[in-house]
Amino acid sequence: LKPDTIHISYCHSPTRFLWDDKDRINAKNYMLNILLHGLRLWDKSASARVDYFIANSENTALRIKKYYNRDSTVIYPPVEIKPQIINHKTQTNSNIQNLNYYLIVSQLHPHKNIEIAINAFEKLNMPLVVIGQGPLLEKLKTKSYKLKAISYLGYQPDKVIQEYYKNCKAFIMPQEEDFGIAPVEALKHGKPVLALRRGGALEYIKEGINGEFFDSPHSGVLADGVRRLNENYPNYNPEEIKKTAEKFSRQRFEKEILNFIKKI
């Protein structure tokens, strides 16, 4: 970039494997530690070349401040569902209870805590559909091939995923996310979300209104969260749940981005 070019960074997350995950890396690997230290110095130096940071959540803004010592403006990302996909009859409190499977849409990596959810639903003997691919897919299939309640669908196109949102009982988010697009998509379909009480979920999950939290990434704690969600299920209103996700529209995002650019 030319020196007089204004550099705006829309940041979804400071580089996780350098900052948040560094304690999980084997400290005895001397050469790897030297490499990662050098990459952290480079990443910090690169952050200094940014004129303005925009964070995708308050959670990300805090991490930008922590690791880069930079202030940022929060502009939530757009979460848009195509009208032709959700053109169906509105669910009501009476028939929403007839939808009996729970849903996870996620990449299947260890830090996504998918195994915690699998273990919880195994104990509860409740149906869980897992959509997504990743290095854990075959391991999870092998581990729970006898569990009729657990279904692994692998990769699915967006239109198919939206149908699963539409027909699920609730969405499960067992991991910490900087923001979390998938749970907001579930909210836009009027479905409650059970989320780990960490990260970006704290900014849009309202207990008793559009979902519930569980406090630690353990299968027993998640299972208790499912039980609490089920107890409160008759009180969830799909239309009220949808309203909690209205602020994540594409129109709002475009307006806030353009206003930010004009302001600077």
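Worth saying up front: this structure is predicted, and the values here are computed from it rather than measured. For every chain, the first residue of its written sequence is number 1, and the numbers climb from 1 along that sequence. Local features in this predicted model are restricted to residues of pLDDT 70 or higher, and side-chain atom pairs are both shown and tallied only at a pLDDT of 80 or more, whereas totals for entire chains, interfaces and linings draw on every residue. Heavy atoms throughout the structure, all of them, feed into the side-chain values; hydrogens and water do not.

Q: Explain a nonpolar patch on the surface to me, and be specific about the residues and the numbers.
A: A surface patch of nonpolar side chains, about 490 Å² in accessible area, is lined by Ile6, Ile8, Tyr52, Leu258, Ile261 and Ile264. Burial classification: accessible surface area is computed with a 1.4 Å probe over protein chains only, and a residue below 20% of its type maximum counts as buried, one above 50% as exposed, and the rest as partly exposed. Owing to a relative accessible area of 32%, Ile8 belongs among the partly exposed residues under this scheme. Patch rule: a residue counts if its relative accessible area is over 30% and it has no salt bridge; like charges are joined within 9 Å, and nonpolar side chains (Val, Leu, Ile, Met, Phe, Trp, Tyr) within 5 Å. Residue-level accessible areas treat just the shown protein chains as cover; the underlying method is Shrake-Rupley with a 1.4 Å probe. Salt-bridge detection follows one rule: a side-chain nitrogen of Lys or Arg within 4 Å of a carboxyl oxygen of Asp or Glu.

Q: Can you break down the confidence of the model for the protein residue by residue, with the values?
A: What pLDDT conveys is the predictor's confidence in a given residue, as a value from 0 to 100. Across the protein, the average pLDDT comes to 88, with 88% of residues at 70 or higher. Low pLDDT (under 50) marks residues 84-98, which in the prediction has 25 contacts with non-local residues, meaning those over four places away or in another chain. Whether two residues touch is decided by their heavy atoms; if any such pair falls within 4.5 Å, the residues are in contact.

Q: Kindly report on the sheet that holds strand E3 (residues 72-74), identifying the contributing residues and their values.
A: What holds strands together in a sheet is hydrogen bonding between their backbones, with the strands either parallel or antiparallel. Here the rule is simple: two strands pair whenever DSSP picks up at least two bridges between them. The secondary structure listing takes helices from DSSP runs of H or I that are at least 4 residues long and strands from runs of E that are at least 2 residues long, numbered from the N terminus. Strand order across the open sheet formed by three strands is E1-E2-E3, with parallel pairing between neighbours. Looking at strand neighbours, the two that pair on one side only are strand E1 (8-11) and E3, the edges of this open sheet. Strand-to-strand twist of the sheet, defined as the mean angle between neighbouring strand axes without regard to direction, takes the value 25°. Both E1 and strand E2 (residues 52-55) contribute to a ladder of four bridges, which runs parallel. What sits directly across from Tyr10, in E2, is Ile54. Strand contacts of helix H11 (residues 250-263): E1, E2 and E3, with the helix running at about 150° to E1, the strand carrying the most contacts. Between N-to-C directions, angles cover 0 to 180 degrees, with each direction set by a line fitted to C-alpha atoms, over the stretch in contact for helices.

Q: Describe the pattern of salt bridges, naming the residues involved and giving the relevant values.
A: Per the stated rule, a full pass over the model turns up 14 salt bridges. Measuring nitrogen to oxygen at the nearest pair gives 3.8 Å for the salt bridge that ties Lys166 to Glu163. Of this pair, Lys166 and Glu163 both sit in helix H7 (residues 158-167), separated by three residues, roughly a single helical turn. The class for Lys166 is buried, based on a relative accessible area of 19%. What makes Glu163 partly exposed here is its relative accessible area of 31%. In this structure, a network of salt bridges that share partners links the residues Glu80, Arg250 and Glu254.

Q: Lay out the sheet that holds strand E7 (residues 170-173) with the relevant residues and their values.
A: Read across the open sheet, the six strands follow the order E6-E5-E4-E7-E8-E9; overall the sheet is parallel. Looking at which strands have only one partner, the edges of the open sheet turn out to be strand E6 (150-154) and strand E9 (211-214). If you compare each strand with its neighbour and ignore which way they point, the axes differ by 20° on average. For strand E5 (residues 128-131) and E6, the ladder comprises four bridges, and the chain directions are parallel. Within E6, the position partnered with Val129 by the bridge is Ser151.

Q: Residue-level account of the pairing of E2, with values.
A: As paired elements, E2 and E3 share three bridges and run parallel to each other. By the bridge assignment, Ile54 is partnered in E3 with Thr73. A clockwise path from the first strand over the helix to the second, with the strands pointing away from the viewer, defines a right-handed crossover. In this fold, E2 hands off to helix H3 (residues 58-68), which returns the chain to E3; that crossover is right-handed.

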